[in-house]
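Chain by chain, the residues run as shown.
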Amino acid sequence: MPGSVDVLRRKAILLLRREREVFELRQERRRTEVWLNAFQALSSNLSRAGKGSLLEQWVTAMVDELTFQVAAVHACDAATGKLLLRAGLAQRELAAEVVAPPGLFEKLEETPCGFFARRSSHPNHPLGEALGLGMFHWLLLAGPGTSLLLTAGFVSGTEEFRAVEAQDLPHFLQLGRHLGALLDNARLFAALDREKSELSASNRELRETQEKLVQSSQLLAEVSRRAGMADVATGVLHNVGNALNSINVSVEILAEKLSSLEVSGVRRVGALLAGRGQELQRFLAEDERGPKLGPYLEGLGGHLATERDGMRNEVQSLRRHVEHMKAIVGKQQSHATTFDVAQSCAVSELVEDALTLSEHSLNQLAIQIERDYADVPRVVTDRHKVLQILVNLLSNARQALSGTASDRRKLRLGVEPLAEGRIAIAVRDSGVGISAENRERLFRFGYTTRPDGHGFGLHTSAIAARELGGRLTAHSDGPGTGATFVLELPLELSPSGAGRSSAART
Ligand SMILES: Nc1ncnc2c1ncn2[C@@H]1O[C@H](COP(=O)(O)OP(=O)(O)OP(=O)(O)O)[C@@H](O)[C@H]1O
Ligand SMILES: [Mg+2]
(Lines give C-alpha, C1' and ligand atoms only; values in the text may rest on other atoms or scores of the structure.)
(Ligands and ions follow the chains in the order given, each with its own letter.)
Protein backbone atom coordinates (compact mmCIF):
# COMPACT_ATOMS: atom_id res chain seq x y z
CA MET A 1 0.00 0.00 0.00
CA PRO A 2 2.73 2.40 0.80
CA GLY A 3 3.78 2.02 -2.83
CA SER A 4 0.37 3.14 -4.05
CA VAL A 5 0.38 6.07 -1.59
CA ASP A 6 3.69 7.14 -3.07
CA VAL A 7 2.31 6.89 -6.52
CA LEU A 8 -0.68 8.93 -5.45
CA ARG A 9 1.55 11.56 -3.82
CA ARG A 10 3.73 11.82 -6.91
CA LYS A 11 0.67 12.19 -9.08
CA ALA A 12 -0.72 14.86 -6.75
CA ILE A 13 2.60 16.73 -6.86
CA LEU A 14 2.65 16.44 -10.65
CA LEU A 15 -0.89 17.69 -10.77
CA LEU A 16 -0.09 20.59 -8.52
CA ARG A 17 2.91 21.46 -10.69
CA ARG A 18 0.79 21.23 -13.80
CA GLU A 19 -1.82 23.45 -12.20
CA ARG A 20 0.83 25.92 -11.19
CA GLU A 21 2.25 25.89 -14.72
CA VAL A 22 -1.21 26.40 -16.15
CA PHE A 23 -1.76 29.23 -13.64
CA GLU A 24 1.51 30.85 -14.61
CA LEU A 25 0.76 30.42 -18.28
CA ARG A 26 -2.66 32.00 -17.77
CA GLN A 27 -1.02 34.83 -15.85
CA GLU A 28 1.48 35.33 -18.65
CA ARG A 29 -1.26 35.16 -21.25
CA ARG A 30 -3.31 37.76 -19.36
CA ARG A 31 -0.24 40.03 -19.10
CA THR A 32 0.50 39.53 -22.78
CA GLU A 33 -3.11 40.42 -23.55
CA VAL A 34 -2.77 43.60 -21.49
CA TRP A 35 0.37 44.54 -23.47
CA LEU A 36 -1.49 43.72 -26.66
CA ASN A 37 -4.36 45.99 -25.64
CA ALA A 38 -1.92 48.77 -24.86
CA PHE A 39 -0.29 48.16 -28.22
CA GLN A 40 -3.64 48.35 -30.00
CA ALA A 41 -4.74 51.41 -28.04
CA LEU A 42 -1.57 53.16 -29.07
CA SER A 43 -1.90 52.06 -32.69
CA SER A 44 -5.55 52.87 -33.24
CA ASN A 45 -6.16 56.25 -34.86
CA LEU A 46 -2.72 57.39 -33.81
CA SER A 47 -1.10 57.42 -37.19
CA ARG A 48 -1.97 61.08 -37.56
CA ALA A 49 -1.89 62.13 -33.93
CA GLY A 50 0.49 64.89 -32.88
CA LYS A 51 3.79 64.01 -31.31
CA GLY A 52 2.73 65.31 -27.89
CA SER A 53 -0.49 63.33 -27.71
CA LEU A 54 1.35 60.14 -28.76
CA LEU A 55 3.72 60.48 -25.82
CA GLU A 56 0.77 61.16 -23.51
CA GLN A 57 -0.99 58.06 -24.75
CA TRP A 58 2.11 55.97 -24.30
CA VAL A 59 2.59 56.98 -20.65
CA THR A 60 -1.15 56.52 -20.01
CA ALA A 61 -1.01 53.00 -21.45
CA MET A 62 2.02 52.18 -19.29
CA VAL A 63 0.45 53.36 -16.03
CA ASP A 64 -3.27 52.68 -16.59
CA GLU A 65 -3.18 49.45 -18.59
CA LEU A 66 0.06 47.90 -17.42
CA THR A 67 -0.02 49.19 -13.86
CA PHE A 68 3.47 50.59 -13.71
CA GLN A 69 3.83 53.21 -11.03
CA VAL A 70 5.78 55.66 -13.12
CA ALA A 71 6.05 56.15 -16.89
CA ALA A 72 7.94 59.01 -18.47
CA VAL A 73 9.38 60.25 -21.72
CA HIS A 74 12.45 62.46 -21.47
CA ALA A 75 14.27 64.29 -24.22
CA CYS A 76 18.04 63.80 -23.86
CA ASP A 77 20.01 67.00 -24.24
CA ALA A 78 23.45 65.50 -24.78
CA ALA A 79 25.07 68.95 -24.94
CA THR A 80 24.02 69.96 -21.43
CA GLY A 81 23.66 66.42 -20.06
CA LYS A 82 20.07 67.07 -19.09
CA LEU A 83 16.90 64.99 -19.27
CA LEU A 84 13.90 67.18 -20.04
CA LEU A 85 10.48 65.78 -19.25
CA ARG A 86 8.22 65.58 -22.27
CA ALA A 87 5.43 63.43 -20.92
CA GLY A 88 5.05 61.67 -17.61
CA LEU A 89 2.59 60.00 -15.31
CA ALA A 90 3.28 59.06 -11.71
CA GLN A 91 1.75 59.07 -8.31
CA ARG A 92 4.13 61.86 -7.37
CA GLU A 93 5.05 64.89 -9.43
CA LEU A 94 7.95 64.36 -11.80
CA ALA A 95 10.72 66.94 -12.12
CA ALA A 96 10.65 68.84 -15.40
CA GLU A 97 14.41 68.60 -15.70
CA VAL A 98 16.86 66.06 -14.32
CA VAL A 99 20.63 66.32 -14.44
CA ALA A 100 21.89 63.01 -15.73
CA PRO A 101 25.05 61.53 -14.22
CA PRO A 102 28.19 62.01 -16.33
CA GLY A 103 28.53 59.56 -19.21
CA LEU A 104 24.93 58.32 -18.86
CA PHE A 105 24.02 58.87 -22.48
CA GLU A 106 27.03 56.95 -23.76
CA LYS A 107 26.10 54.07 -21.51
CA LEU A 108 22.51 54.14 -22.66
CA GLU A 109 23.60 54.22 -26.28
CA GLU A 110 25.88 51.25 -25.73
CA THR A 111 23.00 49.12 -24.49
CA PRO A 112 19.89 50.35 -26.17
CA CYS A 113 17.91 47.17 -25.58
CA GLY A 114 16.39 47.96 -22.22
CA PHE A 115 17.09 47.13 -18.61
CA PHE A 116 15.29 45.85 -15.60
CA ALA A 117 16.51 45.22 -12.10
CA ARG A 118 15.61 42.18 -10.07
CA ARG A 119 14.70 42.41 -6.47
CA SER A 120 17.46 40.01 -5.49
CA SER A 121 20.39 41.52 -7.38
CA HIS A 122 19.69 45.18 -7.05
CA PRO A 123 22.66 47.39 -7.70
CA ASN A 124 21.34 50.90 -8.08
CA HIS A 125 21.31 51.92 -11.70
CA PRO A 126 22.66 55.47 -12.33
CA LEU A 127 19.60 56.29 -14.44
CA GLY A 128 17.28 54.89 -11.74
CA GLU A 129 19.04 57.05 -9.18
CA ALA A 130 18.68 60.17 -11.32
CA LEU A 131 14.98 59.56 -11.91
CA GLY A 132 14.22 58.19 -8.42
CA LEU A 133 13.22 54.79 -9.75
CA GLY A 134 13.92 51.46 -8.09
CA MET A 135 12.90 48.92 -10.67
CA PHE A 136 12.26 49.99 -14.23
CA HIS A 137 12.55 49.31 -17.94
CA TRP A 138 14.12 51.85 -20.23
CA LEU A 139 14.64 52.33 -23.89
CA LEU A 140 16.54 55.00 -25.79
CA LEU A 141 14.85 56.02 -29.05
CA ALA A 142 17.37 57.74 -31.27
CA GLY A 143 15.50 60.40 -33.25
CA PRO A 144 16.65 62.70 -36.07
CA GLY A 145 16.72 65.68 -33.67
CA THR A 146 16.80 64.73 -30.02
CA SER A 147 16.83 61.21 -28.64
CA LEU A 148 13.92 60.19 -26.44
CA LEU A 149 14.35 58.17 -23.28
CA LEU A 150 11.38 55.95 -22.32
CA THR A 151 11.12 54.67 -18.77
CA ALA A 152 8.45 52.66 -16.95
CA GLY A 153 8.78 51.17 -13.45
CA PHE A 154 8.40 51.75 -9.76
CA VAL A 155 9.78 54.40 -7.42
CA SER A 156 12.71 53.59 -5.15
CA GLY A 157 11.66 52.00 -1.91
CA THR A 158 8.70 50.09 -3.26
CA GLU A 159 10.78 47.09 -4.39
CA GLU A 160 9.33 45.04 -1.54
CA PHE A 161 5.89 45.14 -3.05
CA ARG A 162 6.42 45.72 -6.74
CA ALA A 163 8.42 43.81 -9.27
CA VAL A 164 9.37 44.47 -12.84
CA GLU A 165 8.77 41.18 -14.59
CA ALA A 166 11.35 39.74 -16.97
CA GLN A 167 8.71 38.68 -19.45
CA ASP A 168 7.51 42.29 -19.74
CA LEU A 169 10.83 43.41 -21.17
CA PRO A 170 10.33 42.21 -24.79
CA HIS A 171 6.82 43.71 -24.78
CA PHE A 172 8.14 46.97 -23.35
CA LEU A 173 10.82 47.15 -26.00
CA GLN A 174 8.31 46.25 -28.69
CA LEU A 175 5.87 48.91 -27.57
CA GLY A 176 8.67 51.46 -27.25
CA ARG A 177 9.87 50.81 -30.80
CA HIS A 178 6.29 50.95 -31.98
CA LEU A 179 6.02 54.39 -30.39
CA GLY A 180 9.22 55.36 -32.22
CA ALA A 181 7.68 54.24 -35.52
CA LEU A 182 4.48 56.17 -34.75
CA LEU A 183 6.50 59.28 -33.96
CA ASP A 184 8.33 58.89 -37.27
CA ASN A 185 4.97 58.54 -38.98
CA ALA A 186 3.64 61.62 -37.22
CA ARG A 187 6.73 63.53 -38.37
CA LEU A 188 6.25 62.28 -41.91
CA PHE A 189 2.56 63.20 -41.89
CA ALA A 190 3.38 66.64 -40.51
CA ALA A 191 5.96 67.11 -43.27
CA LEU A 192 3.41 65.82 -45.78
CA ASP A 193 0.79 68.24 -44.49
CA ARG A 194 3.31 71.05 -44.71
CA GLU A 195 4.20 70.09 -48.25
CA LYS A 196 0.53 69.73 -49.11
CA SER A 197 -0.28 73.19 -47.83
CA GLU A 198 2.81 74.59 -49.57
CA LEU A 199 1.69 72.80 -52.71
CA SER A 200 -1.82 74.13 -52.47
CA ALA A 201 -0.41 77.62 -51.81
CA SER A 202 1.78 77.38 -54.88
CA ASN A 203 -1.18 75.89 -56.77
CA ARG A 204 -3.18 78.93 -55.78
CA GLU A 205 -0.36 81.19 -56.89
CA LEU A 206 -0.13 79.27 -60.14
CA ARG A 207 -3.85 79.65 -60.71
CA GLU A 208 -3.63 83.36 -59.98
CA THR A 209 -0.66 83.71 -62.33
CA GLN A 210 -2.54 81.74 -64.95
CA GLU A 211 -5.56 84.03 -64.57
CA LYS A 212 -3.32 87.08 -64.85
CA LEU A 213 -1.71 85.52 -67.91
CA VAL A 214 -5.09 84.91 -69.52
CA GLN A 215 -6.10 88.49 -68.74
CA SER A 216 -2.91 89.94 -70.17
CA SER A 217 -3.10 87.73 -73.25
CA GLN A 218 -6.67 88.96 -73.78
CA LEU A 219 -5.40 92.49 -73.36
CA LEU A 220 -2.56 91.77 -75.76
CA ALA A 221 -4.99 90.26 -78.26
CA GLU A 222 -7.15 93.37 -77.99
CA VAL A 223 -4.15 95.67 -78.34
CA SER A 224 -2.84 93.78 -81.37
CA ARG A 225 -6.34 93.65 -82.84
CA ARG A 226 -6.49 97.43 -82.51
CA ALA A 227 -2.97 97.80 -83.86
CA GLY A 228 -4.00 95.52 -86.73
CA MET A 229 -7.08 97.62 -87.33
CA ALA A 230 -4.97 100.77 -87.30
CA ASP A 231 -2.61 99.07 -89.74
CA VAL A 232 -5.47 98.12 -92.04
CA ALA A 233 -6.94 101.62 -91.81
CA THR A 234 -3.54 103.13 -92.62
CA GLY A 235 -3.14 100.82 -95.59
CA VAL A 236 -6.61 101.61 -96.89
CA LEU A 237 -6.14 105.34 -96.45
CA HIS A 238 -2.79 105.17 -98.19
CA ASN A 239 -4.10 103.25 -101.17
CA VAL A 240 -7.22 105.38 -101.38
CA GLY A 241 -4.92 108.41 -101.13
CA ASN A 242 -2.93 107.18 -104.13
CA ALA A 243 -6.12 106.78 -106.14
CA LEU A 244 -7.38 110.18 -104.99
CA ASN A 245 -4.17 111.82 -106.24
CA SER A 246 -4.85 110.51 -109.73
CA ILE A 247 -8.51 111.52 -109.47
CA ASN A 248 -7.38 114.98 -108.53
CA VAL A 249 -5.16 115.23 -111.59
CA SER A 250 -8.03 114.04 -113.83
CA VAL A 251 -10.41 116.53 -112.27
CA GLU A 252 -7.93 119.36 -112.85
CA ILE A 253 -7.50 118.36 -116.48
CA LEU A 254 -11.28 118.23 -116.89
CA ALA A 255 -11.65 121.65 -115.29
CA GLU A 256 -8.99 123.07 -117.63
CA LYS A 257 -10.65 121.58 -120.66
CA LEU A 258 -14.04 122.88 -119.56
CA SER A 259 -12.77 126.43 -119.10
CA SER A 260 -11.06 126.43 -122.46
CA LEU A 261 -14.12 125.08 -124.22
CA GLU A 262 -15.10 127.49 -127.10
CA VAL A 263 -18.64 128.03 -125.90
CA SER A 264 -18.45 131.80 -126.43
CA GLY A 265 -17.85 131.33 -130.22
CA VAL A 266 -21.07 129.33 -130.49
CA ARG A 267 -22.88 132.03 -128.56
CA ARG A 268 -21.44 134.76 -130.89
CA VAL A 269 -22.53 132.92 -134.05
CA GLY A 270 -25.93 132.36 -132.49
CA ALA A 271 -26.25 136.10 -131.72
CA LEU A 272 -25.16 137.00 -135.29
CA LEU A 273 -27.75 134.76 -136.85
CA ALA A 274 -30.53 135.40 -134.35
CA GLY A 275 -33.19 137.87 -135.42
CA ARG A 276 -32.15 137.83 -139.09
CA GLY A 277 -35.31 135.86 -139.90
CA GLN A 278 -36.17 136.19 -143.61
CA GLU A 279 -32.97 138.09 -144.21
CA LEU A 280 -30.76 135.18 -143.23
CA GLN A 281 -30.32 134.03 -146.80
CA ARG A 282 -29.39 137.59 -147.96
CA PHE A 283 -27.00 137.99 -145.01
CA LEU A 284 -25.20 134.77 -145.88
CA ALA A 285 -24.96 135.75 -149.54
CA GLU A 286 -24.19 139.48 -149.25
CA ASP A 287 -22.53 140.22 -145.90
CA GLU A 288 -18.77 139.88 -145.90
CA ARG A 289 -18.96 137.69 -142.77
CA GLY A 290 -21.41 135.27 -144.47
CA PRO A 291 -18.87 133.12 -146.37
CA LYS A 292 -16.55 132.92 -143.26
CA LEU A 293 -19.32 131.48 -141.12
CA GLY A 294 -19.20 127.97 -142.65
CA PRO A 295 -15.46 127.36 -142.12
CA TYR A 296 -15.68 128.99 -138.67
CA LEU A 297 -18.47 126.68 -137.58
CA GLU A 298 -16.57 123.71 -139.01
CA GLY A 299 -13.45 124.65 -137.04
CA LEU A 300 -15.50 125.23 -133.94
CA GLY A 301 -17.18 121.83 -134.33
CA GLY A 302 -13.77 120.16 -134.74
CA HIS A 303 -12.44 121.89 -131.64
CA LEU A 304 -15.48 120.94 -129.59
CA ALA A 305 -15.30 117.34 -130.78
CA THR A 306 -11.61 117.10 -129.78
CA GLU A 307 -12.34 118.61 -126.40
CA ARG A 308 -15.26 116.22 -125.92
CA ASP A 309 -13.01 113.23 -126.74
CA GLY A 310 -10.39 114.46 -124.30
CA MET A 311 -12.99 114.93 -121.62
CA ARG A 312 -14.47 111.51 -122.33
CA ASN A 313 -11.02 109.98 -121.82
CA GLU A 314 -10.63 111.83 -118.56
CA VAL A 315 -14.04 110.68 -117.41
CA GLN A 316 -13.08 107.09 -118.29
CA SER A 317 -9.86 107.46 -116.35
CA LEU A 318 -11.82 108.95 -113.45
CA ARG A 319 -14.19 106.00 -113.55
CA ARG A 320 -11.24 103.56 -113.39
CA HIS A 321 -9.78 105.34 -110.36
CA VAL A 322 -13.13 105.44 -108.61
CA GLU A 323 -13.67 101.75 -109.37
CA HIS A 324 -10.21 100.92 -107.97
CA MET A 325 -10.94 103.00 -104.89
CA LYS A 326 -14.29 101.29 -104.42
CA ALA A 327 -12.54 97.93 -104.69
CA ILE A 328 -9.97 98.91 -102.03
CA VAL A 329 -12.64 100.07 -99.60
CA GLY A 330 -14.98 97.18 -100.43
CA LYS A 331 -12.24 94.64 -99.87
CA GLN A 332 -11.49 96.04 -96.42
CA GLN A 333 -15.17 96.01 -95.54
CA SER A 334 -15.46 92.32 -96.38
CA HIS A 335 -11.99 91.62 -94.97
CA ALA A 336 -13.18 90.04 -91.77
CA THR A 337 -15.57 87.58 -93.28
CA THR A 338 -14.43 86.53 -96.73
CA PHE A 339 -11.36 85.25 -98.44
CA ASP A 340 -9.83 87.55 -100.97
CA VAL A 341 -11.34 87.22 -104.40
CA ALA A 342 -9.02 85.36 -106.69
CA GLN A 343 -9.37 85.80 -110.42
CA SER A 344 -7.37 84.78 -113.44
CA CYS A 345 -5.31 87.68 -114.82
CA ALA A 346 -2.75 88.14 -117.58
CA VAL A 347 0.32 89.48 -115.83
CA SER A 348 1.22 92.04 -118.52
CA GLU A 349 -2.37 93.36 -118.37
CA LEU A 350 -2.01 93.80 -114.64
CA VAL A 351 1.14 95.86 -115.20
CA GLU A 352 -0.56 97.91 -117.93
CA ASP A 353 -3.56 98.55 -115.69
CA ALA A 354 -1.25 99.81 -112.98
CA LEU A 355 0.47 102.07 -115.52
CA THR A 356 -2.87 103.44 -116.67
CA LEU A 357 -3.85 104.17 -113.07
CA SER A 358 -0.59 106.07 -112.61
CA GLU A 359 -0.33 107.54 -116.07
CA HIS A 360 -1.06 111.16 -115.23
CA SER A 361 1.55 111.44 -112.55
CA LEU A 362 4.12 109.64 -114.73
CA ASN A 363 3.29 111.85 -117.73
CA GLN A 364 3.83 114.97 -115.68
CA LEU A 365 7.53 114.11 -115.40
CA ALA A 366 7.86 112.96 -119.02
CA ILE A 367 9.25 109.61 -117.94
CA GLN A 368 10.32 107.20 -120.64
CA ILE A 369 8.68 103.88 -120.10
CA GLU A 370 10.15 100.62 -121.39
CA ARG A 371 8.37 97.31 -121.32
CA ASP A 372 9.91 93.87 -121.25
CA TYR A 373 7.19 91.31 -120.83
CA ALA A 374 8.21 87.67 -121.17
CA ASP A 375 5.58 85.08 -121.95
CA VAL A 376 4.27 83.86 -118.60
CA PRO A 377 1.16 81.91 -117.70
CA ARG A 378 -1.85 83.74 -116.32
CA VAL A 379 -1.94 84.08 -112.56
CA VAL A 380 -4.91 83.41 -110.36
CA THR A 381 -4.66 86.17 -107.80
CA ASP A 382 -6.35 89.07 -106.10
CA ARG A 383 -6.18 91.62 -108.91
CA HIS A 384 -6.80 94.72 -106.84
CA LYS A 385 -4.20 93.81 -104.27
CA VAL A 386 -1.59 93.38 -107.02
CA LEU A 387 -2.67 96.72 -108.49
CA GLN A 388 -2.28 98.41 -105.11
CA ILE A 389 1.26 97.09 -104.82
CA LEU A 390 2.22 98.11 -108.35
CA VAL A 391 0.64 101.58 -108.02
CA ASN A 392 2.67 102.06 -104.82
CA LEU A 393 5.87 100.98 -106.58
CA LEU A 394 5.15 103.27 -109.55
CA SER A 395 4.41 106.18 -107.24
CA ASN A 396 7.72 105.61 -105.41
CA ALA A 397 9.58 105.26 -108.72
CA ARG A 398 8.06 108.52 -109.89
CA GLN A 399 9.22 110.26 -106.73
CA ALA A 400 12.71 108.75 -107.10
CA LEU A 401 12.83 109.95 -110.72
CA SER A 402 11.74 113.48 -109.88
CA GLY A 403 15.19 113.95 -108.37
CA THR A 404 17.06 113.07 -111.60
CA ALA A 405 17.67 115.06 -114.78
CA SER A 406 14.60 115.04 -117.05
CA ASP A 407 16.43 113.34 -119.92
CA ARG A 408 17.51 110.47 -117.71
CA ARG A 409 14.13 109.55 -116.28
CA LYS A 410 13.59 105.95 -117.27
CA LEU A 411 11.17 103.39 -115.97
CA ARG A 412 11.44 99.78 -117.04
CA LEU A 413 8.68 97.31 -116.34
CA GLY A 414 9.49 93.64 -116.64
CA VAL A 415 7.62 90.38 -116.33
CA GLU A 416 9.47 87.08 -116.16
CA PRO A 417 8.85 83.47 -115.15
CA LEU A 418 10.49 82.02 -112.04
CA ALA A 419 10.95 78.43 -110.92
CA GLU A 420 8.35 76.49 -108.93
CA GLY A 421 5.21 78.00 -110.41
CA ARG A 422 6.03 81.62 -109.66
CA ILE A 423 6.44 84.77 -111.72
CA ALA A 424 8.15 88.08 -111.05
CA ILE A 425 7.14 91.64 -111.89
CA ALA A 426 10.05 94.06 -111.77
CA VAL A 427 9.74 97.85 -111.52
CA ARG A 428 13.13 99.37 -112.29
CA ASP A 429 13.80 103.09 -112.22
CA SER A 430 16.84 105.23 -112.95
CA GLY A 431 16.11 107.46 -109.97
CA VAL A 432 18.05 108.50 -106.88
CA GLY A 433 18.79 104.91 -105.77
CA ILE A 434 19.02 103.53 -102.23
CA SER A 435 22.02 103.20 -99.92
CA ALA A 436 22.77 99.75 -98.47
CA GLU A 437 22.00 101.08 -95.01
CA ASN A 438 18.58 102.41 -96.01
CA ARG A 439 17.70 99.23 -97.91
CA GLU A 440 17.40 97.48 -94.55
CA ARG A 441 14.71 99.86 -93.36
CA LEU A 442 12.64 100.28 -96.52
CA PHE A 443 9.77 98.02 -95.46
CA ARG A 444 9.53 99.30 -91.91
CA PHE A 445 6.28 100.93 -90.98
CA GLY A 446 6.74 104.71 -90.98
CA TYR A 447 10.16 104.73 -92.67
CA THR A 448 10.31 107.62 -95.15
CA THR A 449 12.92 110.00 -96.52
CA ARG A 450 10.42 112.29 -98.18
CA PRO A 451 9.18 115.43 -96.41
CA ASP A 452 5.59 114.66 -97.41
CA GLY A 453 5.97 110.88 -97.17
CA HIS A 454 4.36 108.61 -94.60
CA GLY A 455 6.36 105.40 -94.88
CA PHE A 456 3.26 103.28 -95.40
CA GLY A 457 3.52 102.38 -99.08
CA LEU A 458 6.23 99.73 -98.98
CA HIS A 459 5.15 98.38 -95.61
CA THR A 460 1.56 97.74 -96.69
CA SER A 461 2.74 96.49 -100.10
CA ALA A 462 5.07 93.93 -98.50
CA ILE A 463 2.22 92.70 -96.31
CA ALA A 464 -0.12 92.51 -99.29
CA ALA A 465 2.53 90.54 -101.23
CA ARG A 466 2.72 88.05 -98.37
CA GLU A 467 -1.02 87.74 -98.26
CA LEU A 468 -0.89 86.86 -101.93
CA GLY A 469 1.59 84.07 -101.17
CA GLY A 470 4.42 86.08 -102.77
CA ARG A 471 7.04 88.55 -101.60
CA LEU A 472 8.40 91.98 -102.35
CA THR A 473 12.13 92.67 -102.53
CA ALA A 474 14.23 95.76 -103.20
CA HIS A 475 17.57 96.05 -105.02
CA SER A 476 19.84 99.00 -105.61
CA ASP A 477 23.55 99.38 -106.20
CA GLY A 478 23.54 102.55 -104.13
CA PRO A 479 22.72 106.25 -104.40
CA GLY A 480 22.42 107.53 -107.97
CA THR A 481 22.13 104.07 -109.53
CA GLY A 482 18.35 103.69 -109.52
CA ALA A 483 16.37 100.97 -107.83
CA THR A 484 14.51 97.81 -108.71
CA PHE A 485 11.56 96.44 -106.80
CA VAL A 486 10.53 92.86 -107.58
CA LEU A 487 7.13 91.46 -106.77
CA GLU A 488 7.10 87.67 -106.81
CA LEU A 489 3.74 85.96 -107.11
CA PRO A 490 2.60 82.36 -107.18
CA LEU A 491 0.61 81.27 -110.24
CA GLU A 492 -2.17 80.08 -107.96
CA LEU A 493 -3.41 81.92 -104.92
CA SER A 494 -3.90 79.25 -102.29
CA PRO A 495 -6.58 79.88 -99.62
CA SER A 496 -3.82 80.04 -97.02
CA GLY A 497 -1.86 82.41 -99.25
CA ALA A 498 -4.88 84.68 -99.33
CA GLY A 499 -4.28 85.38 -95.68
CA ARG A 500 -6.40 88.00 -94.11
CA SER A 501 -4.11 89.03 -91.34
CA SER A 502 -2.82 92.51 -91.59
CA ALA A 503 -0.43 91.86 -88.74
CA ALA A 504 2.11 90.15 -91.01
CA ARG A 505 5.47 91.85 -90.97
CA THR A 506 8.30 91.88 -93.45
N1 LIG B 1 12.16 103.53 -106.14
C2 LIG B 1 12.77 104.04 -105.08
N3 LIG B 1 13.98 104.65 -105.19
C4 LIG B 1 14.59 105.16 -104.09
N5 LIG B 1 14.08 105.16 -102.85
C6 LIG B 1 12.90 104.57 -102.69
C7 LIG B 1 12.16 104.00 -103.77
N8 LIG B 1 11.02 103.51 -103.30
C9 LIG B 1 11.01 103.76 -101.96
N10 LIG B 1 12.12 104.40 -101.60
C11 LIG B 1 12.49 104.84 -100.24
O12 LIG B 1 11.70 104.14 -99.32
C13 LIG B 1 10.99 105.04 -98.48
C14 LIG B 1 9.69 104.40 -98.06
O15 LIG B 1 8.82 104.23 -99.13
P16 LIG B 1 7.28 104.14 -98.86
O17 LIG B 1 6.56 103.99 -100.12
O18 LIG B 1 7.06 103.09 -97.83
O19 LIG B 1 6.95 105.51 -98.15
P20 LIG B 1 6.94 106.93 -98.80
O21 LIG B 1 6.90 106.81 -100.29
O22 LIG B 1 8.07 107.73 -98.23
O23 LIG B 1 5.59 107.52 -98.25
P24 LIG B 1 4.14 106.99 -98.59
O25 LIG B 1 3.70 106.28 -97.37
O26 LIG B 1 3.34 108.19 -98.87
O27 LIG B 1 4.24 106.07 -99.76
C28 LIG B 1 10.86 106.28 -99.29
O29 LIG B 1 10.70 107.43 -98.50
C30 LIG B 1 12.19 106.30 -100.04
O31 LIG B 1 13.23 106.82 -99.21
MG1 LIG C 1 5.51 105.54 -101.25
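Rules of the game
Residues numbered from 1 in each chain as written. Chains lettered and ligands numbered in written order. Predicted model: local features only at pLDDT ≥ 70, side-chain atom pairs only at ≥ 80, totals over all residues. Near = placed C-beta within 6 Å. Helix = DSSP H or I, 4+ residues; strand = E, 2+ residues; numbered from the N terminus. Nonpolar A, V, L, I, M, F, W, Y, C, P; charged D, E, K, R; others polar. Axes fitted to C-alpha atoms, helices over the stretch in contact; angles between N-to-C directions. Parallel < 35°, antiparallel > 145°, perpendicular 65-115°, else oblique. Left-handed = near helix turned anticlockwise from the far one by under 90°. Contact = placed C-beta atoms within 7 Å. pLDDT = per-residue confidence, 0-100. Buried ≥ 20, exposed ≤ 12 C-beta atoms within 10 Å, placed from the backbone.

### What to know about the site of ligand 1
Not every one of the 22 residues close to ligand 1 is listed here, only the nearest: N396, A400, T448, G453 and G457. Every element with two or more residues in the shell around ligand 1 is listed here: α10 (383-401) and α12 (457-467). In terms of residues, the shell around ligand 1 owes the most to one element, α10, which gives four residues. Classifying every residue of the shell around ligand 1 by side-chain character gives nine nonpolar, 11 polar and two charged.

### Notes on the packing of α10 against α12
α12 packs onto α10 with a crossing angle of 150° between their chain directions and a minimal axis gap of 9 Å. Taken together, the axis directions place α10 and α12 in an arrangement best described as roughly antiparallel. Taken as a pair, α10 and α12 cross one another with a handedness that is left-handed. Each of K385, Q388, I389, N392, L393, S395 and N396 in α10 lies in contact with α12, whose residues at this interface are G457, S461, A464, A465 and E467. Class assignment for the residues of the contact of α10 with α12 results in four nonpolar, six polar and two charged.

### Here we look at the confidence of the model for the protein chain
With 88% of its residues at a pLDDT of 70 or more, the protein chain has an overall mean of 82. Low pLDDT (under 50) marks residues 118-122, which in the prediction has four contacts with non-local residues, meaning those over four places away or in another chain. Note that residues 496-506 has pLDDT below 50 and, in this model, 27 contacts with residues that lie over four places away or in other chains.

### With respect to unusual backbone geometry
A positive phi angle, near 55°, is found at T67, a position not held by glycine. Among the structural elements, T67 can be located in the loop between α2 (51-65) and β1 (70-77). Even without a glycine there, the phi angle at E420 is positive, about 55°. The topology assignment puts E420 in the loop between β9 (410-418) and β10 (422-429). Using a count of 6 C-beta atoms within 10 Å as the deciding quantity, one classes E420 as exposed.

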